[in-house]
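One letter stands for each residue in the lines below.
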Amino acid sequence: KTPVLDNGSKDIIPSYDWFQTDGSITVVIYAKQKDINSEGVIADLQEGKLRGEIIVKDHSYLVHVELSNEVHEEMTVQVSEKVGKVEFVLKKKEALFWKKLGQPLEGHNSFAKCTDRGLHYRKCKLLSKSNVTHDTRLLCLKLPPGTHLKVPVGHHVYLKQTITGTEIVKPYTPVSSSLVSTFKTPSHDDEMHLYFMIKIYPNGLFTPVLDNLQIGDYIFVSNPEGTLIKSQLEDVEDLFLLAGGTGFTPMAKLLNYALTSSSYLRTVKLMFFNKTEDDILWRSQLEQLTCNDERFDVQFILSEPKKGWTGKQGRISSSLLSQFLKRSKFDSKIFICICGPVPFMEQGIQFLQGLGYSCKEVHCFTA
Ligand code: FAD
Ligand code: NAD
């Protein structure tokens, strides 16, 4: 029987099956759709429990079981994007014949709207932290060995900590490990690491606690969320990025992605708003990138410059934007991304509307 979704469409819902050999258990999810991709598969094998989620458009299908026998902590995830099939291969600890896969846990074998699913967290280890500027750190977290999680370009995750007995959750956008040395094929090891560029606010609730974490400490990281879709970048010719302070974080991966994967791209321009020169994140890397790739250019605009600054000054304005947003040819397809403090984004969007840019041409990063 074809189940009918709550939106009334007669899409066929995904299903799962499992089989075993002497040494392994394979759980297979049939998405019954051909447009799945590896970033839509989020899986965790922890403490004898398997939680495998696949995102199909705005819905999520879940396999969630307490396994009936012991397995090794690592698992292999194979995604056949064209066929719409995902396999989780687990290694048995003992060559026993399993009579069943395990006990169903919350949400097992269900297909629900992503927004109704709730966030799942896993415990990640702090591997390193370094200074990006006087108040901003680069943290590297390692995913647990049984986790398969890729954060799509422009998406964020939530970090969770218990602070004086209360669980506090805040969104952060993973960045690449650097801007200039990541032009290589990512290895499996790279996929196990998440990098975060985080500004520490001395009077803030969450960031001072993050800053005090020691190497080897754990922090909970959620599934990704976000609204940017890679296809929005597919045929873009001119990409304009407007960032205020740590609003630069979604731009970091976006820059790498656009410069390596968008075939029609002619120009990428970053307009980076900060208070002072000392606040500019990855300045030398950005300058290096302008030398490495002639399609890329960056402009720094300071709102509180110190004496001696000869570059642009001020805050986001219609006149700054109209000077900056120059198409590389009169009819080029453009895309503008904006991220930063809320008033910066609100004003920016208003100015962009005033300059005649349509909603389709502007992406705003929000939680
Ligand atoms: P808060 O307690 O929120 O305080 C922040 C500042 O505001 C402090 O200076 C504090 O003194 C001041 N403040 C707090 N309350 C008041 C008040 N009532 N009146 C006046 N001032 C006040 N940040 C990053 O650094 N990196 C990222 O990659 C990143 N990604 C994000 C992605 C998304 C989608 C969003 C929405 C935000 C992102 N942020 C990011 C911001 C992050 O989520 C936190 O808001 C930030 O880290 C501040 O957290 P906090 O609890 O330390 O500070
Ligand atoms: P900041 O206070 O250092 O300001 C950076 C620049 O933003 C300033 O130099 C100025 O040009 C502009 N700006 C600041 N306040 C403004 C205002 N009231 N009106 C107009 N322009 C203003 O920035 P920060 O402390 O690094 O904060 C970055 C902000 O970006 C945070 O609020 C954070 O939540 C947000 N952020 C959002 C996302 C997301 O995906 N939505 C990601 C990262 C950061």
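Just so you know, these numbers come straight off a predicted model, no measurement behind them. (Residues numbered from 1 in each chain as written. Chains lettered and ligands numbered in written order. Predicted model: local features only at pLDDT ≥ 70, side-chain atom pairs only at ≥ 80, totals over all residues. Heavy atoms only, no water.)

Caption draft 1: Structural detail: the site of ligand 2. Close to ligand 2 lie 21 residues; Lys199, Tyr201, Asn274, Ser303 and Phe365 are nearest. A distance of 3.0 Å is found between an oxygen atom of ligand 2 and a backbone nitrogen or oxygen belonging to Asn274. Considered on its own, ligand 2 offers 860 Å² of accessible surface; in the complex 77% of this is hidden by protein. Looking at the shell around ligand 2, the elements with two or more residues in it are β19 (267–274) and α7 (342–354). For the shell around ligand 2, a count of residues per class yields seven nonpolar, 11 polar and three charged. (Near = heavy atom within 4 Å. Polar contact = N/O pair within 3.5 Å; in protein donor to acceptor, adjacent residues only side chain to side chain. Areas by Shrake-Rupley, 256 points an atom, 1.4 Å probe, with all protein chains shown as cover. Helix = DSSP H or I, 4+ residues; strand = E, 2+ residues; numbered from the N terminus. Nonpolar A, V, L, I, M, F, W, Y, C, P; charged D, E, K, R; others polar.)

Caption draft 2: Quick look at the sheet that holds strand β22 (residues 334–339). Within the open sheet, the six strands sit side by side as β21-β20-β19-β18-β22-β23. Their pairing is parallel. Strand pairing shows two members of the sheet lacking a second neighbour, β21 (312–313) and β23 (362–364), which therefore form its edges. In terms of strand pairing, β19 meets strand β20 (residues 296–302) through seven bridges, oriented parallel. Paired with Met271 across the bridge in β20 is Gln299. Its contacts with the sheet put helix α5 (residues 283–292) on β19 and β20, and the angle it makes with β20 is roughly 145°. The sheet contacts of α7 involve β18 (238–244), β19, β22 and β23, and relative to β22 the element is tilted by about 155°. (Pairing = 2+ DSSP bridges. Contact = heavy atoms within 4.5 Å. Axes fitted to C-alpha atoms, helices over the stretch in contact; angles between N-to-C directions.)

Caption draft 3: Highlighting the sheet that holds strand β2 (residues 24–30). A sheet is described by the order of its strands in space; here four strands give the open sequence β1-β2-β7-β6, paired in antiparallel fashion. Each edge of the open sheet carries a strand with a single partner, namely β1 (15–20) and β6 (71–80). When the angles between neighbouring strand axes are averaged without regard to direction, this sheet yields 20°. Here β1 runs beside β2; their pairing, made up of six bridges, is antiparallel. Each bridged residue has a counterpart across the sheet, and for Phe19 the counterpart in β2 is Thr26.

Caption draft 4: Region of interest: the side chain of Arg137. Residue placement: Arg137 occurs in strand β11 (residues 136–142). Looking at Arg137, the relative accessible area reads 16%, which means it is buried. (Buried < 20%, exposed > 50% of the residue type's maximum accessible area, 1.4 Å probe, protein only.)

Caption draft 5: Region of interest: the pairing of β18. Of all seven residues that make up β18, seven are buried, and the element is covered over most of its length. Neither face of β18 is open: one carries Asp238, Phe240, Leu242 and Gly244, the other Leu239, Leu241 and Ala243, and all of them are buried. Bridge count for β18 against β19 is seven bridges, and the pairing is parallel. Note on β19: the bridge partner recorded for Leu242 is Met271. In this view, the connection linking β18 to its parallel neighbour β19 by way of helix α4 (residues 249–261) has right-handed handedness. Inspection of the sheet shows β18 paired to β22 by six bridges, in the parallel sense. (Right-handed = clockwise from strand over helix to strand, strands pointing away.)

Caption draft 6: Examining the site of ligand 1 more closely. Near ligand 1 there are 18 residues, and of these Lys170, Pro171, Tyr172, Phe206 and Thr207 occur at the shortest range. Take Lys170: an N or O atom from its side chain is 2.8 Å from an oxygen atom of ligand 1. Note that an oxygen atom of ligand 1 is positioned 2.7 Å from one of the backbone N or O atoms of Pro171. In the complex, the protein chains occlude 59% of the 980 Å² of accessible area that ligand 1 would expose alone. Within the residue set of the shell around ligand 1, elements represented by two or more residues are β14 (166–172) and β16 (193–199). Across the shell around ligand 1, the residue classes break down as eight nonpolar, eight polar and two charged.

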